[in-house]
Amino acid sequence: MITQFRDWDLNRHAYAKEWKERTGGKVMGYFCTYVPEEILYAANILPVRILGSHEQNDVTEPHIFGMFCPFCRDCLAQGLKGRYDYLDGIMIAQSCLHIRQAYTSWTKHIPIDFQYYLPMPNNVQSPHATPYLTAEYIQFKEAVEKWIGKEITPDDLQRGIDIMNENRSLIHEIYNYKKMDNPPLSGEESMEVAITQQMVDKREHSVAMRKLLDEIAAGGKSTKNTSGTRLMILGSENDDIPFVRMVESVNGTVVTDDHCIGTRYFWNNVEPGEDLITSIAQRYIDRPACPSKDWIERTRIPHILSIAKEFGVKGAIVIQQKFCDPHELDIPAIIKSLNANDIKTLFLEFDVTVPLGQFKIRVEAFLEMLQEDDLF
Ligand code: SF4
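Counting restarts for each chain, with residues numbered from 1 along the sequence as it is written. Per-residue local features of the predicted model are confined to residues with pLDDT of at least 70, and side-chain atom pairs are confined, for both listing and counting, to 80 or more; whole-chain, interface and lining totals are unaffected and use all residues. Processing note: side-chain calculations cover all non-hydrogen atoms of the structure and skip hydrogens and water entirely.

**Student:** Looking at this model, I keep getting lost on the sheet that holds strand E6 (residues 252-258). Mind explaining?
**Tutor:** Strand-to-strand pairing in sheets goes through backbone hydrogen bonds, with the strands running parallel or antiparallel. Pairing in this open sheet of four strands is parallel, and the strands run E6-E5-E7-E8 from one edge to the other. Each edge of the sheet is formed by a strand with only one pairing partner; in this case those strands are E6 and strand E8 (344-350). Here the average twist between neighbouring strands, direction ignored, is 25°. Pairing between two strands requires that DSSP report at least two bridges joining them. Helix and strand definitions here come from DSSP, where helices need a minimum of 4 consecutive H or I residues and strands a minimum of 2 consecutive E residues; each element is numbered from the N-terminal end. Relative to strand E7 (residues 315-321), strand E5 (residues 229-235) is paired through five bridges, and the arrangement is parallel. Note that in E7 the partner of leucine 231 across the bridge is glycine 315. The axes used here are C-alpha line fits, helices contributing only the stretch in contact, and every angle between their N-to-C directions lies in the interval 0 to 180 degrees.

Written as C-alpha cells, this is what we have:
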C-alpha cells in the first residue's frame, strides 16, 4: 500500500533530478515550513525541503558551531557534500536562529543561481503580522518573477493555492483514519506519506494519496501491528523513521504528532479571501505555531492537548533535538500540561543519529508503565 511513498523517501534526490529532466522546471530547496510553497507552485517551481541524512558528518565544523542543533548541521552537511547539487535556488522563511545559520552558511559556500531570505514575523499574534507578511510576499513574488523571467498571474496563484490545499486536505483524510482503533496505517507509514509531501511534486503526491485512500476505503490495511499503545510524538523536527519503527516494534502505535514534518506542516489550508497574496499570508500567520512564534499567548498547549484528545493518545514521546533552544524553552510547560491531563510523557534528546538500543529500553519501560495504568 505504501511502497510508492517509501520509494520516494529513499530516492528523494533521484526523484527531483528526474522531475527536472522531465518537466524542464526549476527546483527550489527550502529550509523550514514557513516557506509559502503556494507562490513556488504558481511559478511552476518544485519546492524541496532540505532534510538531513542521519549520518555523522565531518564537514560542517568549520562552518557552523557544534552547539547548533544536529538537525540544522545535518542539513548543511547535505549541501556541503553536494547531495542537493541539482537545486536551482535556495531559500528560508525565518523561524529559528539555528536553521538560519545553516541557510547563511549554505549561501556562502555552495554556489547557486538564486537565494532568498524571507522575513517571517515571530510575533504572529500582532495585528501587523499579516499586512507585514503580505508586503514581504509581494517582494518575494517579484524576485521569483525576475528569476524565471515570467509574470505570476492571479490564475497562477490560484493554481498554487489549489495544489497545496488539495494535498493538505488529503493527508488530513489519511490522518483521520488514524483516529480509529487499530488504524489502517502504522505511524511509520503515515510518516512516510508526510515526509514525501515535502519533497515530491504535490500533484503526483496527491494522486498517490487518493490511491492509498481508495485502498483503505476498500478494506486495505497495513501489514504491521497497529494495535499497540496509542502514542503521540511531539517537539523538535523529527524525520527519523528508524526511531518510529523501533517504537512500533515494541508495541507502541504512533497515531499522531505535533512536529514540523507532520501536522504542523499541513494542519490548515489557505482560506479564500479578496486578495490571494493576503490569503496565503494569513494561512502562514494562522498555522499551528512553532515555539519561536508562540507568544504572547501560548497557543501550542491547547492545540497539542486537543490533538491528543482527538486521536485518543495514551502517552506522548517528547523529542528535543540537542541544543534546540525554541523547543527546550517550550517543553517543560507542555509536559506539565500533558501530565495534568493524564497523558504520561517520555522525554528523549535526539542527535544526528539516535542510540536506538538505549532508547528501546526506555520506550519499553514507558509502554509498560502505560499498560499497567490500563489494568487499574
Ligand atoms: S527549531 Fe529546533 S530543531 Fe528546528 S531548526 Fe531550530 S533548533 Fe533545530
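**Student:** Would you mind showing me how to read the pattern of salt bridges here?
**Tutor:** What makes a salt bridge here is a side-chain nitrogen of Lys or Arg within 4 Å of a carboxyl oxygen of Asp or Glu, nothing more. Going through the model one piece at a time under the given rule, you end up with 21 salt bridges. The partner of glutamate 55 in a salt bridge is arginine 83, and the shortest N-O contact between them spans 2.7 Å. Here glutamate 55, found in the loop between strand E2 (46-49) and helix H4 (70-80), pairs with arginine 83, found in the loop between H4 and strand E3 (89-93); they are 28 residues apart in sequence, far enough to count as distant. Under the scheme applied here, a residue whose accessible area is under 20% of the maximum for its type counts as buried, over 50% as exposed, and between as partly exposed, the area being computed with a 1.4 Å probe on protein chains only. Look at glutamate 55 and you get partly exposed, because its relative accessible area is 34%. What makes arginine 83 partly exposed here is its relative accessible area of 28%. For aspartate 156, the salt bridge goes to arginine 159, with nearest N and O atoms at 2.9 Å. Here aspartate 156 pairs with arginine 159, and both are found in helix H7 (residues 154-177), just three residues apart, close to one helical turn. Exposure remark for aspartate 156: the relative accessible area of 10% places this residue in the buried category. The class for arginine 159 is partly exposed, based on a relative accessible area of 28%.

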